[in-house]
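# Fold and geometry: a report
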2 protein chains.
Amino acid sequence: MRTIKLIIEYDGTAYAGWQVQANGVAVQQVVENALGIIVGAPVRLYSSGRTDAGVHARGMVAVFRTDLEIPLTAFSDGLNVQLPPDISIHHAEEMPDTFDPRRDAKAKLYRYTINTSLRRSPLTRHYAWHLRTPLNLDGMRSAAVQFLGEHDFAAFRTSGCAARTTKRRIERVEITQEHDVIKIAVVGSGFLRNMVRIMVGTLVAVGQGKREVESIAGLLADPTAGSAGPTAPAHGLCLVEVYY
Amino acid sequence: MRTIKLIIEYDGTAYAGWQVQANGVAVQQVVENALGIIVGAPVRLYSSGRTDAGVHARGMVAVFRTDLEIPLTAFSDGLNVQLPPDISIHHAEEMPDTFDPRRDAKAKLYRYTINTSLRRSPLTRHYAWHLRTPLNLDGMRSAAVQFLGEHDFAAFRTSGCAARTTKRRIERVEITQEHDVIKIAVVGSGFLRNMVRIMVGTLVAVGQGKREVESIAGLLADPTAGSAGPTAPAHGLCLVEVYY
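Since the model is a prediction, treat every value here as computed from it, not as a measurement.

Bringing the packing of helix α3 (residues 137-145) of chain A against helix α4 (residues 195-207) of chain A into the picture now. Residue and element names in this part refer to chain A. Interhelical geometry of α3 versus α4 gives an angle of 140° and a closest axis separation of 8 Å. On the basis of the axis angle, α3 is oblique to α4. Viewed along their axes, α3 and α4 form a crossing whose handedness is right-handed. Of the residues in α4, those touching α3 at G139, M140, A143 and A144 are L203, V204, V206 and G207. Classifying every residue of the contact of α3 with α4 by side-chain character gives six nonpolar, two polar and no charged.

Below, the discussion takes up the interface of chain B and chain A. Taken together, the contact between chain B and chain A spans 30 residues of the former and 30 residues of the latter. Where chain B abuts chain A, roughly 2,200 Å² becomes buried across the two surfaces, and 47% of that area is made up of carbon and sulfur atoms. Linking chain B to chain A there are six salt bridges. For the salt bridge of R119 of chain A with D77 of chain B, the shortest nitrogen-to-oxygen distance reads 3.0 Å. On the surface where chain B and chain A come into contact, there are 24 residue pairs in polar contact (both at pLDDT 80 or more). When contributions to the side of chain B that touches chain A are tallied by element, the ones reaching two or more residues are β1 (2-10), β3 (56-66), α2 (77-82) and β4 (87-95) of chain B.

Between the first and last C-alpha of helix α4 (residues 195-207) of chain B there are 18 Å, a value that for 13 residues agrees with the 18 Å anticipated at 1.5 Å per step. Count one or two residues on from α4 of chain B and you reach G209 of chain B, which has phi positive near 75°.

This brings us to unusual backbone geometry. Residue P230 of chain A is bonded to the preceding G229 of chain A through a cis peptide linkage, with omega at 10°. Take P230 of chain A: it is sitting in the loop between α5 (215-221) and β10 (237-243). The phi torsion at H179 of chain A lies on the positive side, around 55°, for a residue other than glycine. On the secondary structure map, H179 of chain A appears in the loop between β8 (167-178) and β9 (181-188). With a relative accessible area of 69%, H179 of chain A lands in the exposed category. With phi around 70°, N194 of chain B is a residue other than glycine that occupies positive phi space.

When chain B is fitted onto chain A, the two copies agree to an RMSD of 0.0 Å after a turn of 180° and an axial shift of 0.0 Å. Here the copies are linked by what is in effect a two-fold axis. Among all residues of chain B, the minimum C-alpha distance to the rotation axis is found for T124 of chain B, at 5.5 Å. In this assembly the copies share their binding face: 100% of the residues contributing to the interface of chain B also contribute to that of chain A.

For the rest of this paragraph, the subject is the pattern of salt bridges. Counting across every chain of the model gives 17 salt bridges over all chains. Across the pair D77 of chain B and R132 of chain A runs a salt bridge, and its minimum N-O distance is 3.5 Å. Residue D77 of chain B is found in helix α2, and its partner R132 of chain A is found in the loop between β6 (129-130) and α3; the two belong to separate chains. The closest approach of N and O atoms between R197 of chain B and D52 of chain B, which form a salt bridge, is 2.8 Å. Of this pair, R197 of chain B sits in helix α4 while D52 of chain B sits in the loop between β2 (46-47) and β3, and the two are 145 residues apart along the sequence. Given a relative accessible area of 13%, R197 of chain B falls into the buried group.

To continue, consider the packing of aromatic side chains. Counted according to the given criterion, the structure contains 16 aromatic pairs over all chains. Aromatic pair F153 of chain B and F156 of chain B: ring centres 5.9 Å apart, planes at 70°, arrangement edge-to-face. Taken individually, F153 of chain B and F156 of chain B each receive the classification buried, so the pair is uniform in this respect. Each residue in the set F147, F153 and F156 of chain A is aromatic and connected to the rest through ring pairs, giving one cluster.

Analysis parameters
- Residues numbered from 1 in each chain as written.
- Chains lettered and ligands numbered in written order.
- Predicted model: local features only at pLDDT ≥ 70, side-chain atom pairs only at ≥ 80, totals over all residues.
- Heavy atoms only, no water.
- Axes fitted to C-alpha atoms, helices over the stretch in contact; angles between N-to-C directions.
- Helix = DSSP H or I, 4+ residues; strand = E, 2+ residues; numbered from the N terminus.
- Parallel < 35°, antiparallel > 145°, perpendicular 65-115°, else oblique.
- Left-handed = near helix turned anticlockwise from the far one by under 90°.
- Contact = heavy atoms within 4.5 Å.
- Nonpolar A, V, L, I, M, F, W, Y, C, P; charged D, E, K, R; others polar.
- Buried area = accessible area lost by both parts, 1.4 Å probe.
- Salt bridge = Lys/Arg side-chain N within 4 Å of Asp/Glu carboxyl O.
- Polar contact = N/O pair within 3.5 Å; in protein donor to acceptor, adjacent residues only side chain to side chain.
- Expected span 1.5 Å × (residues − 1).
- Buried < 20%, exposed > 50% of the residue type's maximum accessible area, 1.4 Å probe, protein only.
- Least-squares fit on C-alpha atoms with pLDDT ≥ 70 in both.
- Phe/Tyr/Trp six-rings, centres within 6.5 Å; stacked < 30°, edge-to-face > 60°.

In structure tokens form, the structure reads like this:
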């Protein structure tokens, strides 16, 4: 059996998220169906993780197994012919049998985009959170530093999160601005469900003066000390890269 | 009568262009209808120029006249409530009666976006021309310099162009690259129909080695010397700003 790794970009706007579920079409399902056409049999994909409905990806990683001896380009260019315009395979690669896209991931890079233009922006409407209120970036950067390192992120997950442990390590939180557009890059060893969106929503609350800079350290030290958030909307988030 | 200038952003993907015409919905028509609801009477918009089907704008300028004494925000925030998500008014401003958005425009800035990733990119599919072939940017930059200054651009317009004179002045052509994304910024006093798209298509042909760098100077010196182009696709083009 061959183990094949795919790097997948998708516009999440039209999807109910990565993972197959009861309501709505999932990205995973669309890729599995297209793979099924090429392989001639049902195919199951195992990914580096999930993304929520409306979240985008430039570098989702997923693997499948097949004993079909056809060239790798059948799983990149060939697969792209079967896929809709909002999903594309960037890269297909043969991996050792033991490769596990979830457990072997060393870190992930997410990018969150905020647009602070006075009026809404049609060209970024599916890819950026539109916030009219000005943000204090210095305050947000001071707050962001508190996330760095290993902490208990129990206050930064959705109630539906079923992770066994809530300790995670954040390696980088970088906030940059160009004109009206603010980008927040977050690199971490792993993330709880909705964790990046809650981190961003909490940073924005600091930037709006609705929350104290130091409150983040408080929530990390004692998750019962209060509530984080709000949860930033899904459409501003993009899974940029998974590092192995 | 008041003369009101609007600065309009739109995602051109779903539209048959700016100007009202027989087939398809035009951006102009959608904004005029929304204005009609606010003003309570039919409104006619006069713009700085047209954009083709699929072309985007961040700074289209249009004016209308009204004797309605309501605050200007009715024509920005108020109008945005009536407009669909792919059209937004960024700014509304009162102008002298004599203001003419077309004749008074000193220059326009267009930006063309090219994506050279090996495989297609869902996240930029409506906003960038996807070209798999690598481009020689040095060659394109040498070619672009030839456009600068005043020239006869008769070879750089579509056959349907009805302009009386074909002399135009180009002030800037700037080609920048970040990873897979190439942006071509063009500033000029005015443009013939499809002129930016044909300029870009011609530069790309140079970048692909399909055309000599010097051929552009030849076409500007003698428009009958050959044919320019091809015409780059509409969806990579955006009217960024009109200068007055």
